[in-house]
Amino acid sequence: MIFSLVSSAQEWLNCKYDELKNEAENEKEEAKRRLEEEERKKFEGTRVTVESFMVWKTNFERDMGITERKEKILGETRKLTGKELFLQDNTLNESDLKFLMDAGEPIENVRIDESLFQNIEDLELDSDDDDDEDYVPDEK
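Thresholds applied
- Residues numbered from 1 in each chain as written.
- Predicted model: local features only at pLDDT ≥ 70, side-chain atom pairs only at ≥ 80, totals over all residues.
- Heavy atoms only, no water.
- UniProt positions renumbered as here; feature names shortened; annotations may be inferred.
- Helix = DSSP H or I, 4+ residues; strand = E, 2+ residues; numbered from the N terminus.
- Axes fitted to C-alpha atoms, helices over the stretch in contact; angles between N-to-C directions.
- Parallel < 35°, antiparallel > 145°, perpendicular 65-115°, else oblique.
- Contact = heavy atoms within 4.5 Å.
- Nonpolar A, V, L, I, M, F, W, Y, C, P; charged D, E, K, R; others polar.

J.: Talk me through the UniProt feature "coiled-coil region" (unreviewed entry) in the chain; I want residue IDs and the actual numbers.
T.: Under the UniProt annotation, "coiled-coil region" (unreviewed entry) lies at residues 10-46. Measuring from the first to the last C-alpha atom of residues 10-46 gives 55 Å, for a span that is 95% helix and 0% strand.

Now the structure itself:
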């Protein structure tokens, strides 16, 4: 009878030991998995889309003052195009006439040779036959 009691107690202890061992292993594996997941989250960050990048870029440029510097540089160095000049200042439409009048010449004295415009279809403006093959625009 003592043998059966000792053997059942020994079996119960072995089962409890195996359960505790399995629980400890499971906890270690769970801790390791959580640690790996936390490390993976560090490297994931936020997903970047075109919209989120453009929002970030505008905020960054505004914070760093890049936008103002660009506008300042463009404002200082940018020349107006001919169209913009004419749209801003309507007096430029008549500038040639004013120039002639300031010089003291009447407008009627301006000579226009209309014969230059009569046979304009005969001109071969698209002909590339006369172009120099060795011409390099930057060299003089």
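J.: Break down the packing of helix 2 (residues 50-64) against helix 3 (residues 66-77) for me, with residues and values.
T.: Relative to each other, helix 2 and helix 3 sit at 75 degrees, their axes nearing to 5 Å. Considered as vectors, helix 2 and helix 3 are oriented roughly perpendicular to each other. Facing Phe60, Glu61, Arg62 and Met64 of helix 2, the residues of helix 3 in contact are Ile66, Thr67, Glu68, Arg69 and Lys70. Grouping the amino acids of the contact of helix 2 with helix 3 by side-chain chemistry returns three nonpolar, one polar and five charged.

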